[in-house]
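The residues making up each chain are set out below.
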Amino acid sequence: MTPRTPAAVRPSIFTPEHEELRASIRAYVERELRPFASEWEAAGWFPDEVFTKLGAAGFLGLTYPIELGGQGGDYLSGLVLKEEMAACGSGGVSMAVAVQTDMATPPILKFGTKEQQDTYLRPAIQGTKIACIGITEPGAGSDVANIQTTAKRDGSDWILNGRKVFITNGVRAHFCTLVARTSKQAGYQGFSLFIVPTDAPGWSVSRKLDKLGMRSSDTAEIALDDVRVPADALLGEEGNGFPQIMWELQGERLVAIAGSITGARLLHERCVAYAKERTTFGRPIGRNQAISHRLVELSEKIEAAQQLIYDAAWSFATGGYPVAEISMAKLYGGIVVNEMTNLAMQIFAGAAYTTALDIERAWRDTRLIRIGGGTDEIMREVIAKTMGL
Amino acid sequence: MFDGSQPITPPAGDPYPLFREEHEELRSSIRRFIDKEVAPFIEEWEELRDFPRELYDRCGELGFFGLKFAEEHGGSGPDYLAAAVFTEELARCGAGGVAAGLGAHTDLASLYVGNYGTPEQLQRWLVPSIRGEIIGALAVTEPDAGSDVASLRTRATRDGDHYVIDGAKTFITNGSKADYVVVAARTGGDGHAGISLIVVDATTPGFSTNRLDTVGWRTSHTAELFFDGVRVSAGNLLGGVEGDGFKQIMGNFGWERLAMALGANAAAAKTLEAGIAYAQERTAFGKPISKFQVWKHRFADLASEIAASRSLTYHALRRYVLGEPAIREIALAKSFACELDWKVADECLQVHGGWGYMMEYPVQRAWRDSRLGPIGGGTTEIMREIVAKIDGLS
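Owing to the predicted nature of the structure, the values given are computational and were not obtained by experimental measurement.

Cut-offs used in this document
Residues numbered from 1 in each chain as written. Chains lettered and ligands numbered in written order. Predicted model: local features only at pLDDT ≥ 70, side-chain atom pairs only at ≥ 80, totals over all residues. Helix = DSSP H or I, 4+ residues; strand = E, 2+ residues; numbered from the N terminus. Rg over C-alpha atoms; globule rule 2.2 N^0.38 Å. Buried ≥ 20, exposed ≤ 12 C-beta atoms within 10 Å, placed from the backbone. Contact = placed C-beta atoms within 7 Å. Nonpolar A, V, L, I, M, F, W, Y, C, P; charged D, E, K, R; others polar. Pairing = 2+ DSSP bridges. Domains from an automatic or database assignment. Expected span 1.5 Å × (residues − 1). Bend = angle between axes of the 7 residues up to and from the residue. Axes fitted to C-alpha atoms, helices over the stretch in contact; angles between N-to-C directions. Parallel < 35°, antiparallel > 145°, perpendicular 65-115°, else oblique. Left-handed = near helix turned anticlockwise from the far one by under 90°. Core = buried A, V, L, I, M, F, W, Y, C linked by C-beta atoms within 7 Å. pLDDT = per-residue confidence, 0-100.

Visitor: Let's hear about the overall build of chain A: which residues, and what values?
Guide: In terms of helices and strands, chain A carries 12 helices and 10 strands. In terms of C-alpha radius of gyration, chain A reaches 21 Å, essentially the compact-globule figure of 21 Å for 389 residues. The burial tally for chain A puts 54% of its 389 residues in the buried class. Sequence-distant contacts in chain A: of pairs separated by 6 or more residues, those separated by 24 or more amount to 73%.

Put into structure tokens, the structure is as follows:
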């Protein structure tokens, strides 16, 4: 191949080292997770052991410093994990792991003290402590500024009161990275982050919620009634919670869509294979342009979303704060993922409508991508704002 | 198991982004040129259905036609990243016809001669093309053969040291303006193997043209070409080997389609900018229409899709500049970007309301011009058929 530019161009954001890592995660997922997906889905639960085994394999700390038991890899090595987890067959499992690695714990690395990192991040990397993140409330989701949970000082302690809802890993978590209001007057400066151990008196799981998809993952409604935590439960500076949580949300949205789009790609591959094999009227259904061109149209969209995600990830990985690109990637990518899972239902048709295949599971699981981490409508608001509208 | 013994860190000094500082400098200089010497005259040229020949000379002088070609022929490349920058900026000029007229010259005719010409052919047609002194066109499509190249019927019959060409071509950009035309003709039997490319000077007896009236791309000369016993030297056979035409055409489709995708993204971005600017200035019910959520959200969607389209196209460009044929990537990008450009124009026409339907706002031109994207260079349906074939579906 003769290059058509004198510039040194890299073929992809990933390096050969990333690809090696990918191969090892892929083998792990195939062996340790995929075979159990249906069982866990039926149970509405997967064993905590999934975390400890992933931790032992080094996968929960890919991007974390070696001093804390992590692997010291770059941001993109974490992205490889999200992509490969999409093959595990259960959106709930990959979501739970993403909450552990990319939502509840990055703020501890970025804003936490050495003690907080040793107490929470180190065991989270080992998988021995399970993490959840507490933002959403019955009256506030992406509308973070409307959060009602309060944290009040009492001597050197903090007393927390409020409700959190839709908390992934919330039933089983050992600690929660939580945002609460520390001052009513201070407006956006009135929020702070806390790390709350779930065995603190007054913390209770009021309900395990029943969901249409992501069934293997536990989703909790949490009640905080006079939860008393010591002063060192405060994560980062008091009053800085709002920008901290906005930063956390960028990483959350990016990994969520990166995993989802990989799931869509895998499903697309399955559809192409099935379209070649499934015969009606004496020929494979893929020979119908009505099918083949639809599949190509989805290739266009999936690849477009994929490359947008990679460009946003590259920027994020190299120190950028690409709010617009991440929001666009999640918005457009989420729509494409849902279109793909719906097309898969159509192509696999009757077989897809039974639970014997896991197509309907993907269809149910992926519906969340347009809701969680900020709905499509919220993404559009964010994007419009970055465009000055 | 991944043991983490070799931490992965971002590669230093080997950045992922495609364009370098020199490309951004080139971008600024092209943008200045377009803003000063092209954009102000668009309305006038559209009215005339033409743009001055001097524009080719200026692009030649400024080096824009030499980006894909070696220094020995007067170029500064090959650097297809630089050529991509030119394509993008040109697409922002506000008239698809101008971009098409200059593009058909440098991305089609010149590129065919540059990639396949013999040393004599390079001197005769490429060198003056790079200077902008002569204008080229590429003629493949016929009344009964478009993307279905293998069934074309124009015939070139060998007669001693000459070829005698008979037949007709249609929808040829620059057709009624070009000084030379690279013509696909049948020198052998049926099918792919019988096709050759032959360069025909427009002054050759027996060659005539009929300019077509087009819904958009008004300033470009889109024409039918007629070959009635056109006698050219055997030395005009591009590359000097009979039967190479199909391969040559397939080899150059990549850049043509990639250029269309790049142009479509840039044009879509420009159209959206204008749509937003209008929405911010026009008020209804006491506030700018850009403040209505339906428009805010629609703009956010369109901006997201344009960003995705650009990433998709750059992915194809990345593969292409690495030296791969990138047929699948390019086909995906071409159909996605061109369909999107048209959709953006339609939505932005909508935001203009009644004024969108009037000829005095440029959005009507974007609407007409962008409609060619999903047709030219192989329709969207052809792109999807190509990918379906690669994926083993047809």
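Don't stop here, the text continues.
Visitor: Can you break down the overall build of chain B residue by residue, with the values?
Guide: The secondary structure content of chain B amounts to 11 helices and nine strands. Relative to a compact globule of 394 residues, whose C-alpha radius of gyration would be 21 Å, chain B shows 22 Å and is just as compact. Across the 394 residues in chain B, those meeting the buried criterion constitute 53%. Of the contacts made within chain B by residues no fewer than 6 positions apart, 72% connect residues no fewer than 24 positions apart.

Visitor: Outline the interface of chain A and chain B, listing residues and values.
Guide: Contact residues are listed per partner, giving 55 residues for chain A and 49 residues for chain B. Those elements that place two or more of their residues in the side of chain A that touches chain B are helix H1 (16–33), helix H8 (241–277), helix H9 (289–317), helix H10 (323–353) and helix H12 (376–386) of chain A. Looking at which element gives the most residues to the side of chain A that touches chain B, the answer is H9 of chain A, with 15 residues. Considering only residue class, the side of chain A that touches chain B consists of 27 nonpolar, 16 polar and 12 charged.

Visitor: Got a sec to walk through the pairing of strand E7 (residues 219–229) of chain A? Specific residues and values, please.
Guide: Two faces belong to every sheet, and in a regular strand the side chains alternate between them. All names here are of chain A. Here strand E3 (residues 157–168) pairs with E7 via eight bridges, running antiparallel. Paired with isoleucine 159 across the bridge in E7 is arginine 228. Across five bridges, strand E6 (residues 203–208) lies against E7 in antiparallel orientation. Residue pairing for E7: tryptophan 203 is matched across the bridge by leucine 224.

Visitor: Help me get a handle on the environment of isoleucine 130 of chain B, residues and values and all.
Guide: Residue and element names in this part refer to chain B. On the secondary structure map, isoleucine 130 appears in helix H6 (residues 119–131). For isoleucine 130, a count of 27 C-beta atoms within 10 Å translates into the label buried. Taking the C-alpha atoms as reference points, isoleucine 130 and serine 110, separated by 20 residues in sequence, lie 7.7 Å from one another. Not counting residues within four places of it along the chain, the set of residues in contact with isoleucine 130 comprises Gly60, Phe65, Gly66, Phe69, His73, Gly74, Gly75 and Ser110.

Visitor: Let's hear about the domain arrangement of chain B: which residues, and what values?
Guide: Residue and element names in this part refer to chain B. Looking at chain B, the domain boundaries give domain 1 (21–135), domain 2 (138–243) and domain 3 (247–390). Between the C-alpha centres of domain 1 and domain 2 there is a distance of 22 Å. Elements that contribute at least two residues to the side of domain 1 that touches domain 2 include exactly helix H2 (42–48), helix H5 (96–116) and H6. In terms of residue count, H5 provides more of the side of domain 1 that touches domain 2 than any other element does, 12 residues in total. In terms of residue class, the side of domain 1 that touches domain 2 is made up of 14 nonpolar, seven polar and four charged.

Visitor: An account of helix H4 (residues 80–91) of chain B is requested, with residue identities and associated values reported.
Guide: All names here are of chain B. The end-to-end C-alpha separation of H4 is 16 Å, in line with the 16 Å expected for 12 residues at 1.5 Å each. Counting buried residues along H4, 12 of its 12 residues qualify, which places the element largely inside the surrounding structure. All buried positions along H4 are accounted for by Tyr80, Leu81, Ala82, Ala83, Ala84, Val85, Phe86, Thr87, Glu88, Glu89, Leu90 and Ala91. Taken together, the buried residues of H4 touch helix H1 (21–38), H5, helix H7 (245–281) and helix H8 (293–321).

Visitor: Tell me about H5 of chain B, and please be specific about residues and values.
Guide: Residue and element names in this part refer to chain B. With 21 residues, H5 should reach 30 Å at 1.5 Å per residue; the first-to-last C-alpha distance of 28 Å fits that figure. A maximum bend of about 40° is found in H5 at serine 110. Across the 21 residues that make up H5, a large majority, 20, are buried.

Visitor: Go over the domain arrangement of chain A with me, naming the residues and quoting the values.
Guide: Residues and elements named next belong to chain A. For chain A, the assigned domains read domain 1 (16–130), domain 2 (132–240) and domain 3 (243–386). Domain 1 and domain 2 are separated by 23 Å when their C-alpha centres are compared. Residue assignment for the side of domain 1 that touches domain 2 shows that the elements contributing at least two residues are helix H2 (37–43), helix H5 (91–103), helix H6 (106–111) and helix H7 (114–126). Element by element, the count of residues in the side of domain 1 that touches domain 2 is highest for H5, at eight residues. Here the side of domain 1 that touches domain 2 is composed, by residue class, of 14 nonpolar, seven polar and four charged.

Visitor: Can you break down unusual backbone geometry residue by residue, with the values?
Guide: With an omega of 5°, the peptide bond between glycine 77 of chain B and proline 78 of chain B qualifies as cis. With a phi close to 70°, asparagine 169 of chain A is a non-glycine residue in the positive phi region. Summarising the element assignment, asparagine 169 of chain A is placed in the loop between E3 and strand E4 (175–181). In this model, alanine 326 of chain B sits at a positive phi of 55°, which is unusual for a non-glycine residue. Relative to the helices and strands, alanine 326 of chain B resides in the loop between H8 and helix H9 (327–351). Using a count of 21 C-beta atoms within 10 Å as the deciding quantity, one classes alanine 326 of chain B as buried.

Visitor: Describe in detail the packing of helix H4 (residues 75–85) of chain A against H5 of chain A, supporting the description with residues and values.
Guide: Residue and element names in this part refer to chain A. Put simply, H4 and H5 touch, their axes get as near as 10 Å, and they point 170° apart. Our classification of the angle between H4 and H5 gives roughly antiparallel. Of the residues in H5, those touching H4 at Gly78, Leu81, Lys82 and Met85 are Ser94, Val97, Ala98, Thr101 and Asp102.

Visitor: A description of the pairing of strand E2 (residues 150–154) of chain A should follow, citing residues and the corresponding values.
Guide: As paired strands, E2 of chain A and E3 of chain A are joined by five bridges and run antiparallel to one another. Among the inter-strand pairings, lysine 152 of chain A is bridged to a residue of E3 of chain A, identified as isoleucine 159 of chain A.

Visitor: Describe the packing of H10 of chain A against H12 of chain A, listing the residues and the values that go with them.
Guide: All names here are of chain A. Packing of H10 against H12 brings their axes to within 9 Å, and their N-to-C directions diverge by 145°. Of the two possible hands of crossing, H10 and H12 adopt the one that is left-handed. Along its contact with H10, which presents Val323, Ala324, Ser327, Met328, Lys330, Leu331 and Gly334, the element H12 presents Asp376, Met379, Arg380, Val382, Ile383 and Thr386. Among the residues making up the contact of H10 with H12, the classes are represented as seven nonpolar, three polar and three charged.

Visitor: Describe the nonpolar core, naming the residues involved and giving the relevant values.
Guide: Residues Phe194, Val196 and Ala313 of chain A together with Val182 and Ile198 of chain B are the most contacted members of the largest nonpolar core, which totals 247 residues. Among the elements that line this core, the one with the most residues is H7 of chain B, at 17 residues. Non-local contacts of valine 182 of chain B, meaning those with residues more than four positions away in its chain, are made with Ala109, Tyr112, Val113, Gly136, Leu138, Ala139, Leu197, Val199 and Leu238 of chain B.

Visitor: Pulling in residues and values, what's your account of the confidence of the model for chain B?
Guide: All names here are of chain B. Mean pLDDT for chain B: 95, with 96% of residues reaching 70 or above. This model gives residues 1–7 a pLDDT under 50, and the stretch forms 15 contacts once residues within four places in sequence are excluded. This complex was scored by the predictor with a pTM of 0.96 and an ipTM of 0.95.

Visitor: An account of the environment of serine 28 of chain B is requested, with residue identities and associated values reported.
Guide: All names here are of chain B. Position of serine 28 among the secondary structure elements: in helix H1. Residue class for serine 28 comes out exposed when judged on the 12 C-beta atoms lying within 10 Å of it. C-alpha of serine 28 to C-alpha of valine 85: the two residues are 57 residues apart in sequence and 9.7 Å apart in space.

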